[in-house]
Amino acid sequence: MGAHLTRHHPEVVLNDDGKACAPPKNQPTLTTLSLTKLPFNSDRAKKITQSITYFMCKDLRPYNVVENEGFGYMLKTLEPRYVIPSRRYFTDNAVPKLYRATKLQVEESLSTADRVALTCDAWTSRAVDSYVTITAHYLTEDWRLLSHVLQTRAVHESHTGANIADLLQNAAQEWGIADKNLVVVTDNAANMCVAVQLAGYLHVKCFAHALNLASQRALHLPTVARLMGRVRRITGFFNRSTVANHVLETKQKLLQLPTHKLKTDVSTRWNSGYEMLQRFLEQQPAICAALLSPEVRRSNTDIFTLNETDIGNAEEIVQSLKSMQVVTTVISEENNPTLSLVAPLLAQLLHDTQDNIDDTALVTEIKQSISQDLKKRYTSAVEKNTLYTASTLDPRFKTLPFLSPEEKQEAYARVVAEAVTLQEGMRQQTISEPEAQEHKEEPGYTEEDPGPIPAKMKKSCGLAELLGQTYGDVGAPPKSLSSIAKEEMKRYLEITPLALTEDPLSWWKEHECYPFLAKLAKRYLCIPGTSVSAERVFSTAGDIVTAQRSTLTSEHVDQLLFLSKNADITSLSKCL
């Protein structure tokens, strides 16, 4: 009987007499054990809390997601024993802890860089708070281009050059990069130019901003502006009217056109106007058919499609701005070097905007407006030298075909001179460091006892004793740093340029047989040609500082933006 009860009725407990009795009240059952809450400091609970923190930061979720019914149900299903910490715990403990751990990793990575390039830009949140975001870019020892968002700080003072200069210098000190030969990339705003000058850093103006200014000048030409206004009115109508939008979709299917939505431009982005015109021309047959349909005419009678002249002008505008669109897309990349692209692309744009006898009056006017604006950019000697040096050190553009023979030789000579100066500085730094102790203490060694005399002595030679002073040093004289750099440059220029589709960083990784030039290349190919990386943070910030989260403190905004861009859970799992 006892064996049967034990095997088939484990819930029944036998007393000392072998009779069945109720189990003790303090004895836990399997159901009770399965519902025991995880201790807050257990490894399992810590891992789940860490995952929630990472989920909040990387996916831009609000802190109060832990209070949502659906989120709680999901976690209860996955781990019924886990107790979700409060929102206050994540804001005051979990997120700051993840921020500190990530910041240490970023600081350690930055310390290995030869040079750090910064991008800087200002923006205003939905809560009308002003921020300045700073990003960092550098090359690792194995020629990987890394980027980090360093900080997003609220600026309550006026955005003067002096205040922004203080912000840049404080950031350099805080992140330990003040000695990294900083370069700052900003837009062409006067306060940014003054700020970088006051801070004492090399300044590179954003090429994407220059492209935007030149293109905006073309879009504001009277003929172009009037046409853009008419197209904007039509696209806005279809985007607002559900009836018109439905009819447009029907006409697209009938005419076998792509079922694309119409686009409306944004005043701050010139290429949005280009894309609006391009999409309009693509969908023009469907737009015309939709506007003539009875359903649309009943709801609106004052919207008309473009005539043949307008369509022709729109096609000419799109064709004239095509090269600007391609250049804007190429220069906005973040994973490849872009400063070396600026000089070749600028030269190509100036060539493409030259007058052509076959151009119409509208095309000529667009080209002239773009050309006149671009010619005002990068005119100082410092700016030109920086761009030409970067292009020379990019194996794709080292031949510098956009320069005259005299300008080429000057650019090559500057690269050689800067490479020599860099090597001299490195040697001087090595000499200035404390020398190693001449005699290291070892067991059984003292100054009075120099140790046993080596058994094998130098071989004696009478000829060496007689003529050693005259013929002792017959080797080739050591080469100067300048001659070594010139030889490297000569060999570098003799090899075939790299194809435009190849990666220059991979090429340098495989060709470090040019040590002088490779060292210099790391200091230039890490510099972005635009401040797009800082501007892209604004889009992320818009997903963080939403209307429902407009009361976030500046400290929380800084932490969340930083973690959204920099947190890597695979490397942080051991730190938390």
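The structure displayed is predicted, hence computed values, not measured ones.

Asker: Could you clarify how one ought to interpret the sheet that holds strand 4 (residues 130–139) in this entry?
Answerer: Hydrogen bonds along the backbone pair up the strands of a sheet, which may run parallel or antiparallel. Reading across the sheet, the 5 strands line up as 5-4-3-6-7 and stay open at both edges, with mixed pairing between neighbours. This sheet does not close on itself; its edge strands, each paired only once, are strand 5 (145–154) and strand 7 (202–205). With direction set aside, neighbouring strand axes in the sheet form an average angle of 25°. Of the pairings in the sheet, the one linking strand 3 (residues 117–124) to strand 6 (residues 183–186) comprises 3 bridges and is parallel in character. Bridged to Leu 118 within strand 6 is Val 184.

Asker: Could you clarify how one ought to interpret the packing of aromatic side chains in this entry?
Answerer: Note on aromatic pairs: each is described by the distance of the centres and the angle between the planes. Evaluated as defined, the whole model comprises 16 aromatic pairs. Summarising the aromatic geometry, the rings of Trp 508 and Tyr 514 are spaced 6.4 Å apart at their centres and angled 85° between planes, so their arrangement reads as edge-to-face. Under the relative-accessibility criterion, Trp 508 is labelled buried at 0%. Overall, Tyr 514 belongs to the buried group, its relative accessible area being 4%. Each residue in the set Trp 143, Tyr 492, Trp 507, Trp 508 and Tyr 514 is aromatic and connected to the rest through ring pairs, giving one cluster. It is Arg 115 that lies over the ring of Tyr 524; its NZ or CZ is 5.4 Å from the centre. The positively charged end of Lys 522 is found above the aromatic ring belonging to Trp 143, 5.0 Å away from the centroid.

Asker: Please explain the nonpolar core as it appears in this structure.
Answerer: Note that soluble globular proteins tend to have their nonpolar side chains buried in a common cluster. With 92 residues, the main nonpolar core has Phe 207, Phe 238, Ile 366, Trp 508 and Ile 527 as its most contacted residues. Element by element, the count of residues in this core is highest for helix 14 (residues 308–331), at 8 residues. Membership of the second largest hydrophobic core comes to 57 residues, among which are Ile 52, Tyr 82, Ala 94 and Leu 167.

Asker: Even after reading the chapter, I still don't get the side chain of Thr 235, so can you show me in this structure?
Answerer: Within the secondary structure, Thr 235 sits in helix 9 (residues 222–240). Given a relative accessible area of 1%, Thr 235 falls into the buried group. Polar side-chain contacts of Thr 235 include one of 3.2 Å to the side chain of Thr 264. Setting aside chain neighbours within four positions, we find Thr 235 in contact with Leu 262, Lys 263, Thr 264, Met 276 and Phe 280.

Asker: Mind showing me how you'd approach the environment of Val 532 here?
Answerer: Turning to its location among the elements, Val 532 is positioned in helix 23 (residues 532–544). The sequence separation of Val 532 and His 209 amounts to 323 residues, and the corresponding C-alpha distance is 8.9 Å. In this structure, Val 532 is in contact with Ala 208 and Ser 332, ignoring residues within four places of it in sequence.

Asker: Would you mind going over the pattern of salt bridges with me for this structure?
Answerer: Where charged atoms from two side chains of opposite charge approach closely, those side chains can pair. Under the criterion given, the structure shown has 21 salt bridges. For the salt bridge of Glu 487 with Lys 479, the shortest nitrogen-to-oxygen distance reads 3.1 Å. Classification of Glu 487 as partly exposed rests on a relative accessible area of 37%. One continuous salt-bridge network, built from bridges that share partners, spans Lys 103, Arg 153, Glu 174 and Asp 558.

Asker: Help me understand the side chain of Gln 151, please; the structure alone is not making it clear to me.
Answerer: Relative to the assigned elements, Gln 151 resides in strand 5. Exposure remark for Gln 151: the relative accessible area of 2% places this residue in the buried category. In terms of polar contacts, Gln 151 uses its side chain to reach the side chain of Trp 175, at 3.3 Å. The contact partners of Gln 151, leaving out residues within four places of it in the chain, are Val 132, Thr 133, Ile 134, Leu 167, Ala 171, Glu 174, Trp 175 and Asp 558.

Asker: How do you make sense of the confidence of the model for the protein chain when you look at a structure like this?
Answerer: When pLDDT drops low, the exact placement of atoms in the prediction is not to be read closely. Chain-level statistics for the protein chain give a pLDDT mean of 84 and a share of 82% at 70 or above. When the criterion is pLDDT under 50, residues 436–458 qualifies, and its contacts beyond four places in sequence or with other chains add up to 4 contacts.

Criteria and cut-off values
Residues numbered from 1 in each chain as written. Predicted model: local features only at pLDDT ≥ 70, side-chain atom pairs only at ≥ 80, totals over all residues. Heavy atoms only, no water. Pairing = 2+ DSSP bridges. Helix = DSSP H or I, 4+ residues; strand = E, 2+ residues; numbered from the N terminus. Axes fitted to C-alpha atoms, helices over the stretch in contact; angles between N-to-C directions. Phe/Tyr/Trp six-rings, centres within 6.5 Å; stacked < 30°, edge-to-face > 60°. Buried < 20%, exposed > 50% of the residue type's maximum accessible area, 1.4 Å probe, protein only. Lys NZ or Arg CZ within 6 Å of the ring centre and 35° of its normal. Core = buried A, V, L, I, M, F, W, Y, C linked by side-chain atoms within 4.5 Å. Polar contact = N/O pair within 3.5 Å; in protein donor to acceptor, adjacent residues only side chain to side chain. Contact = heavy atoms within 4.5 Å. Salt bridge = Lys/Arg side-chain N within 4 Å of Asp/Glu carboxyl O. pLDDT = per-residue confidence, 0-100.

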